Amino acid sequence: MALLEIKNLHVATEDGTEIVRDLDLTVNSNEVHAMMGPNGSGKSTLAYALMGHPAYEITDGDILIDGESILELGADERAQRGLFLAFQYPHAVPGVTVASFLRTAVNAQRKAANGGEDDPVKIPEFRKQLTASMEQLKVPKEMAGRYLNDGFSGGEKKRVEILQMAMLSPRIAVLDETDSGLDIDALRIVAGGVRGLVGPEMGALVITHYQRILNYIKPDFVHVFVDGRIVREGGPELAEQLEADGYEAFIPEPVGGES
Amino acid sequence: MATSETQVVAGIGNDYKFGFHDAENYFFKSGRGLSREIVEAISAHKDEPQWMRDFRLKSLEYFEARPMPSWGGDLSGIDFENIYYYIKPTENQAKSWEDLPPDIKQTWDRLGIPEAERKFLAGVGAQYESEVVYHKLQADLEAKGVLFLDMDSGLREHEELVRQYFGTIIPQNDNKFAALNSAVWSGGSFIYVPPGVSIEMPLQAYFRINAENMGQFERTLIIVDEGAYVHYVEGCTAPIYTTDSLHSAVVEIIVKPGGRCRYTTIQNWSNNVYNLVTKRAVAYENATMEWVDGNLGSKQTMKYPAIWLMGEGAHGEVLSIAFAGNGQHQDAGGKAVHVAPNTTSVITSKSISKDGGRSSYRGLLEVAKGAHGARSKVVCDALILDEESRTDTYPYIRIDENDVDIGHEATVSKIGEEQLFYLMSRGLSEAEAAAMIVSGFVEPITKELPLEYAVELNRLIQLQMEGSVG
């Protein structure tokens, strides 16, 4: 049974505009999929729709985790099933420290995993795990005491997104343009962090405009996403071809050559 | 699909935890209504000196002569004739919790007061209806000359000190409700901290209304002598009844040169209590006065803790949180009056309105002629959780001096769908996410509280945000 299965997915905005059309994709653990597309192709809409953002409507198709549809689930329940979205633009929560937020999130997921009964993580255990993850991702210690994303630089936000991913141990990670706003050193660390988590317990879907991040997170599969649909699929070599030729070469000819 | 924000906040505040009440086995309960006879009976019951009896009767005249305030909240629901003005629950004050009648002791246990006393308080006063039924101060503080008594005992045992200050900071005719309190006051705290004595752990008073249509009128007087420090904390709850109760306190504080007083309130009355309180402090040279004022409960609160900065270099702070839910109006804020040069003040107000509740910031900043070099900053932030709720700001500013530095900022925000979605994507339920945003919003105030109270305040907020889904 596939871990994440997207079948014939159609996504529209509240005003009825269709953004994603007829998308099929399967992601298993141990796999890194790259979804590459130009600006405005609907990549972020896909990411939001997977996570259950209320502003996007699934007009047709299905999303399944372990063979079960998650369409009726809220974002919190999707997270509890193991789905994680690293946001392109993470939101600030003033007054709530990174550490306190992470502990609340970890406990919320532990509670769900424990059949709705509280099962809080022991504080020393939590601290140890947080310190280890922060060291690995080269997140400075004092970030734990800062208010979540409040006044963070673009790079700090992205690192803290990956820190959240490390702490929450999801089974499917969707990374929405995590490479944007990162310098080369930060990119290497973040990509290393993601790659280190992919394994028998986790698969990843890396959404990006550029091939750059893929140099560090070697994808197993590459999907070219243009105008709300996948127009080409292949192995890592496809990303390189895309970098050389640009997206122009992948924009399909209008059917019948008319209009 | 996720529930909407409206569903999440619907019903917040409907699960008040302290709404239980005890059977009434009282030592003495006055009849309903207010009259000269009732005031005389209260004074006689307390065996007061003549001057206090006269003070009460004069105050009653002021109360009767004054019209109801036409500003602030809607007070038309108060029926002065239907209220019990004096209830004495026990004959004597207890020095040990065990000496209280079992149901009253059980109430304090449910509120966690004896446990808090054991853990982190230097002294406790517990007022039930009109009288302080339990009172205790740590022996080492007593030995240092600290006085911490209920106001009635204070008057009996330290009459001259009380007479010197009582009614000097808030005159008996200051406003209609201060006049009412001056006429029928009972209970409250009397505190004197001798020069140079710093009380490290807080002193706490807890106020409990139990009977229906009760009027509670405690009176507190705190004198912090030169270079001394005290942190006084008050908490309050009441049962839920279909008809209303009235709580109208007067709190007067004197902070002498170099002294510091912090007064923290966690007001959590049930939603049938009118809470109309006058609080005022004077701070002399280089003294510091801080009001930390948390208003979560009540039907209508009108309360604006004030600081008069009387001596050069005095500093005043008001940190105010108001949480207005269904059927509640929190009209709260703060006042800073700069009388002396080089005085500083900060007023920070945070309000949350949900489920049709209304919160208003009402504040006064005044700088008198000659108070040169005065600096003041007022910050009001309002958070509105749904379309039905409301927030207003009424900042009054009067400056009669040119050489001053005054700042005023106000913001109004809503919990955004995007912010909720972000937190929910990490596994938090919608209610947990909203509670987290609210806790963060009030964090500038909770971080000023001792840990135990910060935890308590966050827990109360959590409680008001929970049980609201579905």
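Worth saying up front: this structure is predicted, and the values here are computed from it rather than measured.

### Observations concerning the overall build of chain B
Of regular secondary structure, chain B possesses 12 helices and 24 strands. Here the C-alpha radius of gyration of chain B, 22 Å, is about what a compact globule of 470 residues would show, namely 23 Å. Over its C-alpha atoms, taken along the principal directions, chain B stretches across nearly 70 × 60 × 45 Å. Considering only contacts in chain B between residues 6 or more positions apart, those separated by 24 or more positions represent 84%.

### A closer look at the overall build of chain A
Of regular secondary structure, chain A possesses 7 helices and 10 strands. What you see for chain A is a C-alpha radius of gyration of 19 Å, in line with the 18 Å of a compact globule of 259 residues. If you line up chain A on its principal axes, its C-alpha atoms span 65 × 40 × 35 Å. Across the 259 residues of chain A, 41% fall into the buried class. Here the analysis covers contacts within chain A between residues at least 6 apart in sequence; of these, 70% occur between residues at least 24 apart.

### Concerning the sheet that holds strand S1 (residues 4–13) of chain A
All names here are of chain A. If you trace the 4 strands from one edge of the open sheet to the other, you get S2-S1-S4-S5, paired in antiparallel fashion. At either margin of the open sheet sits one strand with a lone partner, and together these are strand S2 (18–27) and strand S5 (68–69). Where S1 meets S2, 6 bridges bridge the pair, whose relative direction is antiparallel. Looking at S2, one finds that alanine 12 is bridged to glutamate 18. Strand contacts of helix H1 (residues 43–51): S1, S2 and strand S4 (56–65), with the helix running at about 65° to S4, the strand carrying the most contacts.

### Here we look at the nonpolar core
Grouped together as the largest cluster of nonpolar side chains are 210 residues, with contacts concentrated most on Ala173, Val174 and Val206 of chain A together with Ile191, Val255, Ala283 and Leu309 of chain B. The greatest single-element share of this core, amounting to 10 residues, is contributed by helix H11 (residues 430–446) of chain B. Discounting residues that sit within four places of it in the chain, isoleucine 191 of chain B has contacts with Leu147, Phe148, Leu203, Ile222, Ile223, Val230 and Tyr232 of chain B.

### Details of the interface of chain B and chain A
On the side of chain A, 25 residues touch chain B, which itself brings 22 residues to the contact. Those elements that place two or more of their residues in the side of chain B that touches chain A are helix H10 (417–424) and H11 of chain B. Examining the composition of the side of chain B that touches chain A, we find that 8 residues originate from one element, H11 of chain B, more than from any other. Across the side of chain B that touches chain A, the residue classes tally to 11 nonpolar, 6 polar and 5 charged.

### Describing the sheet that holds strand S4 (residues 131–137) of chain B
Residue and element names in this part refer to chain B. Strand order in the open sheet made by the 10 strands is S4-S3-S7-S10-S13-S15-S18-S20-S22-S24, with mixed pairing throughout. The open sheet is flanked by S4 and strand S24 (404–414), the only strands paired with a single partner. Neighbour to neighbour, the strand axes of the sheet diverge by 10° on average, direction disregarded.

### So, the confidence of the model for chain B
Residue and element names in this part refer to chain B. Per-residue pLDDT for chain B has a mean of 91; in total, 96% of the residues score no lower than 70. Low pLDDT (under 50) marks residues 1–13, which in the prediction has 44 contacts with non-local residues, meaning those over four places away or in another chain. In the predicted complex, the global pTM is 0.83; the interface-specific ipTM is 0.95.

### Considerations on unusual backbone geometry
With a phi close to 60°, asparagine 149 of chain A is a non-glycine residue in the positive phi region. Relative to the helices and strands, asparagine 149 of chain A is located in the loop between helix H4 (123–136) and helix H5 (154–168). One non-glycine residue with positive phi stands out, namely aspartate 355 of chain B, at about 55°. Mapped onto the fold, aspartate 355 of chain B is located in the loop between strand S20 (344–353) and strand S21 (358–367). Under the C-beta neighbour-count criterion, aspartate 355 of chain B is labelled buried, with 22 such atoms within 10 Å.

### Some remarks on the environment of asparagine 149 of chain A
Residue asparagine 149 of chain A is classed as buried on the basis of its C-beta count, with 21 C-beta atoms lying within 10 Å. When the C-alpha positions of asparagine 149 of chain A and glutamine 164 of chain A are compared, they lie 12 Å apart, and in sequence the two are 15 residues distant.

### Notes on the pairing of strand S15 (residues 288–295) of chain B
All names here are of chain B. Where burial is concerned, most of S15 is hidden: 8 out of the 8 residues are buried. Where burial is concerned, the two faces of S15 agree: the one with Thr288, Glu290, Val292 and Gly294 and the one with Met289, Trp291, Asp293 and Asn295 are both buried. The sheet contact formed by strand S13 (residues 260–267) and S15 spans 8 bridges and is parallel. By the bridge assignment, cysteine 261 is partnered in S15 with methionine 289.

### Some thoughts on the packing of H5 of chain A against helix H6 (residues 184–197) of chain A
All names here are of chain A. Viewed as axis vectors pointing N to C, H5 and H6 meet at an angle of 15°, and their least axial separation amounts to 10 Å. In terms of orientation, H5 and H6 fall into the roughly parallel class. Seen along the crossing, H5 lies across H6 with a hand that is left-handed. In this structure, H5 contributes Gly155, Lys158, Arg159, Ile162, Met165 and Ala166 to the contact, and H6 contributes Ala186, Val190, Gly193, Val194 and Leu197. Here the residues of the contact of H5 with H6 sort into 7 nonpolar, 2 polar and 2 charged.

Reading the values: the criteria
Residues numbered from 1 in each chain as written. Chains lettered and ligands numbered in written order. Predicted model: local features only at pLDDT ≥ 70, side-chain atom pairs only at ≥ 80, totals over all residues. Helix = DSSP H or I, 4+ residues; strand = E, 2+ residues; numbered from the N terminus. Rg over C-alpha atoms; globule rule 2.2 N^0.38 Å. Contact = placed C-beta atoms within 7 Å. Buried ≥ 20, exposed ≤ 12 C-beta atoms within 10 Å, placed from the backbone. Pairing = 2+ DSSP bridges. Axes fitted to C-alpha atoms, helices over the stretch in contact; angles between N-to-C directions. Core = buried A, V, L, I, M, F, W, Y, C linked by C-beta atoms within 7 Å. Nonpolar A, V, L, I, M, F, W, Y, C, P; charged D, E, K, R; others polar. pLDDT = per-residue confidence, 0-100. Parallel < 35°, antiparallel > 145°, perpendicular 65-115°, else oblique. Left-handed = near helix turned anticlockwise from the far one by under 90°.

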